[in-house]
Amino acid sequence: MHVFPYFERVLAYSETPVQEIFHGVADRAGIRLLIKREDLNHPFVSGNKWWKLKYNLEEAIRLRHKTVITFGGAYSNHIFSTAAAGKEIGLNAIGIIRGERVEPLNTTLAFAESNGMKLLFISREAYRNKGDVSFIQGLHEKFGDFFLIPEGGTNEFAVKGCKEFASEKLSSIAFDALML
């Protein structure tokens, strides 16, 4: 079962412009600066987060998971983006947050919660064990079946999405050096 068309339809991608940046130092050095505005590709799942989550969420749907779990700190853009994406495509999202809950929640965590993400705060010591099999098993015992997205969203599915970005969105831009 290939689910990409469903994913793309629900979590829309907006084409982004390439803008030229004019700066005296660059101009005097004969350097032309261009920026691909991936910060405009989605209102809440923007930039590289869209590309890193794309195939992770597709895989969760393909495997028929109803829940995704991921990790992050109190100000994590990844937590923010995963919460918004989960809401938009109809997946439950759980964020394992490093540190204790502090009220009122900061804007990142308040946004995540307002988008339906369940937040589980754990000690920094426990957080260091987030990759251990026993820790993950404990999450399964607590939350049942889920698709695990690593902290920051970086895994083979994220690499696939970023590779697609580079090959499809940057291939028409002539450049000598690329900086991210």
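Note that this is a predicted model, so its numbers are computed, not measured.

Colleague: Provide a residue-level description of the nonpolar core, including the pertinent values.
Modeller: Ranked by size, the top nonpolar core spans 32 residues in total, and within it Leu57, Val68 and Leu119 carry the most contacts. Secondary structure elements with two or more residues in this core: helix 3 (48-62), helix 4 (77-89), strand 4 (92-98), helix 5 (107-114), strand 5 (118-122) and helix 8 (156-169). Considering every element that reaches this core, the biggest residue donor is helix 3, with seven residues. Phe71, Leu120, Ile122 and Phe135 belong to the second-largest nonpolar core, a separate cluster that totals twelve residues.

Colleague: With reference to specific residues and values, describe the layout of surface pockets.
Modeller: Its volume calculated, the largest pocket comes out at about 880 Å³. Around the largest pocket, the lining is made up of 27 residues, and of these Leu34, Ile35, Lys36, Leu178 and Met179 lie nearest the centre. Every element with two or more residues in the lining of the largest pocket is listed here: strand 1 (18-21), strand 2 (33-36), helix 3 and helix 8. The element contributing the most residues to the lining of the largest pocket is strand 2, with four residues. Here the residues of the lining of the largest pocket sort into 18 nonpolar, three polar and six charged. One number sums up the size of the second largest pocket: a volume of about 150 Å³. Partitioning the lining of the second largest pocket into residue classes produces eight nonpolar, three polar and three charged.

Colleague: I'd like a description of the packing of helix 3 against helix 8, backed by residues and values.
Modeller: The interhelical angle for the contact between helix 3 and helix 8, taken along N-to-C directions, is 125°, at an axis separation of 6 Å. Here helix 3 lies oblique to helix 8, going by the angle between them. Read as a crossing pair, helix 3 and helix 8 show a hand that is right-handed. Across the interface between the two elements, Trp51, Lys52, Lys54, Tyr55, Asn56 and Glu59 of helix 3 pack against Phe157, Ala158, Lys160, Gly161, Cys162, Glu164, Phe165 and Lys169 of helix 8. Class assignment of the residues belonging to the contact of helix 3 with helix 8 gives a composition of six nonpolar, two polar and six charged.

Colleague: Report on the side chain of Lys169, specifying residues and quantitative values.
Modeller: Among the structural elements, Lys169 can be located in helix 8. Reaching out from Lys169, the side chain makes a polar contact with the side chain of Glu15 at a distance of 2.7 Å. With sequence-adjacent residues up to four places away left out, Lys169 is seen in contact with Tyr13, Glu15, Lys36, Trp51 and Glu164.

Cut-off values and rules
Residues numbered from 1 in each chain as written. Predicted model: local features only at pLDDT ≥ 70, side-chain atom pairs only at ≥ 80, totals over all residues. Heavy atoms only, no water. Core = buried A, V, L, I, M, F, W, Y, C linked by side-chain atoms within 4.5 Å. Buried < 20%, exposed > 50% of the residue type's maximum accessible area, 1.4 Å probe, protein only. Helix = DSSP H or I, 4+ residues; strand = E, 2+ residues; numbered from the N terminus. 1 Å grid on protein atoms, 1.4 Å probe; cavity = no way out; pocket = protein on both sides within 12 Å on 5 of 7 lines; lining within 4 Å. Points joined across faces, edges and corners; volume = space filled by probe spheres on them. Nonpolar A, V, L, I, M, F, W, Y, C, P; charged D, E, K, R; others polar. Axes fitted to C-alpha atoms, helices over the stretch in contact; angles between N-to-C directions. Parallel < 35°, antiparallel > 145°, perpendicular 65-115°, else oblique. Left-handed = near helix turned anticlockwise from the far one by under 90°. Contact = heavy atoms within 4.5 Å. Polar contact = N/O pair within 3.5 Å; in protein donor to acceptor, adjacent residues only side chain to side chain.

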